[in-house]
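A closer look at the structure
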Amino acid sequence: MTKSFNPQSYEPGTHPDLPPPAITTGLIGWIKTNLFSSPLNTALTLISIWFLWQILPSSFHWLFTGAVWSAVDRKECWAMMDAPRDGACWAFIRGSLELFLYGWYPEPERWRVNITFFLFGAAVFGALRENIPGKKYWLMFAAVFPFLAAWLLFGGFGLEPVATSKLGGILLTLVVAVTGISFSLPLGIALALGRRSRLPVLRAICVIFIEFIRGVPLITLLFVASTMLTYFLPPGSSFDLLIRVLIMVTLFAAAYIAEVVRGGLQGLASGQYEAADALGLTYWQSHRLIILPQALKISIPGIVNTFIGSYKDSVLVLIIGMMDILGLGRARLNDPDWLGLAPELYIFISLFFFVSCFAMSRYSLSLEKKLETGHQS
Amino acid sequence: MKQKTTAVLSAAALVLGFAGTTQAGTLEDVQSQGVLRCVVSTGIAGFAQPDASGVWKGFDIDFCRATAAAVLGDANKIEAVTSTGKTRFTKLNAGEGDVLWRNTTITFSRDVGVKLRFHGVNYYDGQGFMVKKSLGVNSASELDGASVCIQTGTTTELNLADYFSSNGMKYEPVTIETNDEARQNYESGRCDVYTTDASGLASTRSALPNPGDHMVLPEIISKEPLGPATRHGDDQWSDIVTWVLNATITAEELGVTMANVDQMKSSNNPEVLRLLGVDGSQGQELGLSNDWAYQIIKQVGNYGEIFERNIGVDTPLGIARGLNALWTEGGLIYSPPFR
């Protein structure tokens, strides 16, 4: 018993004040506890390493070291490799990059697209970033941005008009997605409030709208937009295809947002509503100050989920022959000079979508953390 | 919900019945727009595809350009209205395009049921088979028991089933969605045979690492005559599209090419002179200027030139003329006389 009080009696290396043995800390410790903690885990780790060993070197070779970055056509591309298809032919993507970005937007007017991209970045930055001076003005700018972008992209009021059919590629994808996302949120909140309204007619309209849209696949709505609306409208009145599609995409996303927000509204303790009433706040005051801030906070994961979903759904416009990034890419696959380069194209498009969706999902996580007030169990 | 959708659909179908018949004066519309809107595909190798700067190229596109040259005097005044196989006819019937040059097979149901007007054949296609040479197969009748890559939901699927059952053979279908997917499966050996239209086989074959290791079997098991279409109810416009196609064919037959069209204006062949508008007033009778066919050949070329430039043996697709040779050279391409 006295032994433990005597520092001299510790076996070398077992004194409690010594740092833990190297084998339980740092990289080695991490590997030991996470990868080799039990026979099963050890086996799984070894199998995974073997598997990665099988695919990583060849993937790396195909993607980078064996890839060709500039060539005039596929034949030249493949001739530069050890064997055809031994590496990626990124020259194909590189040569079409400008087309993929701007579509058919007239070349002398492309500075307008660049400004729009820049302003889009500024609006997103300003709206999302906390603690920047003049936050109110940033938010106002973000609210005006869609209209500013429409003016810049389509012209009028002093700018050369550009037909909507000239849009294509990433530009078209972003126009469809950003419009859908930015207009569906306010519309969805309004629908959610309408669905919980005490006015029977308003409530019925909202319920019918939401259930109708949710009961129909987006593709059906796009077909209606592309083929049928022309028959419903009076002859001679041309209603731009892109606008029809934007309306459909927005309505579709709004119906889903409405249900997500309704979930948030119902997740709120009824005491919150009663407290707001007790303070004598009107309907709009109580929703603006008490109900919606909390309801939207708990809806964030669902809302961002819907946003990401509708962003990726925007590629469905290719079904009705619109040339978004996927449609345009697939059209380019038919260039006789570049036939057979589908893997390169799909990897490029996946990368584009992954980067933007991952950014959205990370932002929503950080937003949740920031708004976390400890009320959630 | 389903009932509601059905109601919407049937209401639309009702309106659709009227829409097609009230269109007239397409020529005036096109001339006042100053641009010809062609319904084209979203990409079929050699027939319609955008190049790296977005300019549409291809066999169908060149016929669209020929139409624009005849109607507007400038082959570049075209707008490609891209459409998928599902939306092409509604786009045309709803007036979003003026003429359809889109790799479209002429069939009874499309001519009569969809209320289209077809104007002759610009490409005779047909379903064929591609195999690896190493299989040692020389005829489709030796394909008993083969696994076949086939696009789902197409007429090629039905043709294949008919062909094999009528020859008392069995096959194992490997269903795929697109040409590219088919090529990947065929290349990796998941199927022994790929079957689709011969023009599609040619482009698939040319995209393989070693095209020489593969062959297209001689049997063609279906008729796929491809041609342009317009809406019902505008006879003048129909005549124009018909004779644009015929002009390119006649020009090849008479040896009028992009290069020699100017010398040919002083030819002593009366049909050449009528075609090029030196004699007669055929252009005016169509409602066009008299040099309409001259403009087609000068700016776009004759049928053979259009073929060779986009899909011919010197292109990556390397399609031989075959059935699409002139009737004088053993093919089916034939134009009524300019008289």
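This report concerns the structure included in the present document. (Residues numbered from 1 in each chain as written. Chains lettered and ligands numbered in written order. Predicted model: local features only at pLDDT ≥ 70, side-chain atom pairs only at ≥ 80, totals over all residues. Heavy atoms only, no water.)

Overview of the overall build of chain B
- Looking only at helices and strands, chain B features 14 helices and 14 strands.
- Taken against the 2.2 N^0.38 rule, which gives 20 Å for 339 residues, the C-alpha radius of gyration of chain B at 21 Å falls within 12% of a compact globule.
- Its C-alpha atoms give chain B principal-axis dimensions of about 60 × 60 × 40 Å.
- When the 339 residues of chain B are sorted by exposure, 54% land in the buried category.
- Restricting the contact set of chain B to residue pairs at least 6 apart, pairs at least 24 apart contribute 70%.
- Accessible area for chain B stands at about 14000 Å²; split by element, carbon and sulfur atoms hold 52% of it.
- Charged side chains in chain B number 27 positive and 39 negative. The centres of these two groups are separated by 5 Å. (Helix = DSSP H or I, 4+ residues; strand = E, 2+ residues; numbered from the N terminus. Rg over C-alpha atoms; globule rule 2.2 N^0.38 Å. Buried < 20%, exposed > 50% of the residue type's maximum accessible area, 1.4 Å probe, protein only. Contact = heavy atoms within 4.5 Å. Areas by Shrake-Rupley, 256 points an atom, 1.4 Å probe, with all protein chains shown as cover. Lys, Arg positive; Asp, Glu negative; His and termini not counted. Charge placed at Lys NZ, Arg CZ, Asp CG, Glu CD.)

A few points about the packing of helix H12 (residues 283-313) of chain A against helix H14 (residues 342-371) of chain A
Residues and elements named next belong to chain A.
- Between H12 and H14, whose axes approach to 10 Å, the crossing angle comes to 170°. One way to sum up the angle between H12 and H14 is to call them roughly antiparallel. When H12 is examined against H14, the residues Lys297, Ile300, Pro301, Val304, Phe307, Ile308, Tyr311 and Lys312 are found in contact with a partner set consisting of Phe352, Phe353, Ser356, Cys357, Met360, Ser361, Ser364, Leu367, Glu368 and Leu371.
- Tallied by class, the residues present in the contact of H12 with H14 amount to twelve nonpolar, three polar and three charged. (Axes fitted to C-alpha atoms, helices over the stretch in contact; angles between N-to-C directions. Parallel < 35°, antiparallel > 145°, perpendicular 65-115°, else oblique. Nonpolar A, V, L, I, M, F, W, Y, C, P; charged D, E, K, R; others polar.)

Focus: the environment of Tyr194 of chain B
All names here are of chain B.
- For Tyr194, the location among the structural elements is in strand E11 (residues 193-197).
- Along the backbone, Tyr194 and Thr155 are 39 residues apart, and their C-alpha atoms lie at a distance of 15 Å.
- Within the structure, Tyr194 has its side chain in polar contact with the side chain of Gln151 (distance 3.4 Å). (Polar contact = N/O pair within 3.5 Å; in protein donor to acceptor, adjacent residues only side chain to side chain.)

With respect to a nonpolar patch on the surface
Residue and element names in this part refer to chain A.
- Together, Trp50, Phe51, Leu52, Ile55 and Leu56 make up an exposed nonpolar region whose accessible area comes to about 520 Å².
- By the element assignment, Leu56 lies in helix H2 (residues 39-65).
- Taking relative accessible area as the criterion, Leu56 reaches 49% and is therefore assigned partly exposed. (Patch = residues over 30% accessible without salt bridge, like charges linked within 9 Å, V, L, I, M, F, W, Y side chains within 5 Å. Salt bridge = Lys/Arg side-chain N within 4 Å of Asp/Glu carboxyl O.)

A closer look at the interface of chain B and chain A
- If you look at the interface, chain B gives 45 residues, while chain A gives 41 residues.
- Both sides together, the interface formed by chain B and chain A hides about 3300 Å², and carbon and sulfur atoms give 64% of it.
- Connecting chain B to chain A are two salt bridges.
- The salt bridge involving Glu187 of chain B is made with Arg85 of chain A; its shortest N-O contact spans 2.2 Å.
- The tally of links between chain B and chain A comes to ten residue pairs in polar contact (both at pLDDT 80 or more).
- If you tally residues by element for the side of chain B that touches chain A, the top one is helix H1 (residues 2-19) of chain B, at eight residues.
- Here the residues of the side of chain B that touches chain A sort into 19 nonpolar, 17 polar and nine charged. (Buried area = accessible area lost by both parts, 1.4 Å probe.)

Things to note about the state of the cysteines
Residue and element names in this part refer to chain A.
- Per the counting criterion, the structure on display carries three disulfides over all chains.
- Here Cys77 pairs with Cys89 through a disulfide, and the sulfurs are 1.8 Å apart. Measuring handedness by torsion sign, the sulfur bridge of Cys77 and Cys89 sits at about 110° and is right-handed. Residue Cys77 is found in helix H3 (residues 74-79), and its partner Cys89 is found in the loop between H3 and helix H4 (90-102); the two are separated by twelve residues along the sequence. By the burial criterion, Cys77 is buried, and Cys89 matches it. (Disulfide = S-S within 2.5 Å.)

Quick look at the packing of H4 of chain A against helix H5 (residues 110-128) of chain A
Residues and elements named next belong to chain A.
- For the pair H4 and H5, the least separation of the axes is 11 Å and the interaxial angle reads 70°. The angle between the axes of H4 and H5 places the two elements in the roughly perpendicular class. Across the interface between the two elements, Glu98, Leu101 and Tyr102 of H4 pack against Arg110, Val113, Asn114 and Phe117 of H5.
- For the contact of H4 with H5, the class distribution of residues is four nonpolar, one polar and two charged.

Brief notes about the pattern of salt bridges
- What the rule picks out here adds up to 19 salt bridges over all chains.
- One salt bridge connects Glu211 of chain A with Arg214 of chain A, and the closest N-O pair in it is separated by 3.6 Å. Here Arg214 of chain A and Glu211 of chain A lie together in helix H8 (residues 200-214), a separation of three residues that amounts to about one turn.
- Residue classification places Arg214 of chain A among the partly exposed positions, given a relative accessible area of 33%.
- Where Glu96 of chain B meets Arg244 of chain A, a salt bridge forms, and the shortest distance between an N and an O atom there is 3.7 Å. In this pair, Glu96 of chain B is assigned in the loop between helix H4 (88-93) and strand E5 (99-100) and Arg244 of chain A in helix H10 (residues 241-266), connecting two distinct chains.

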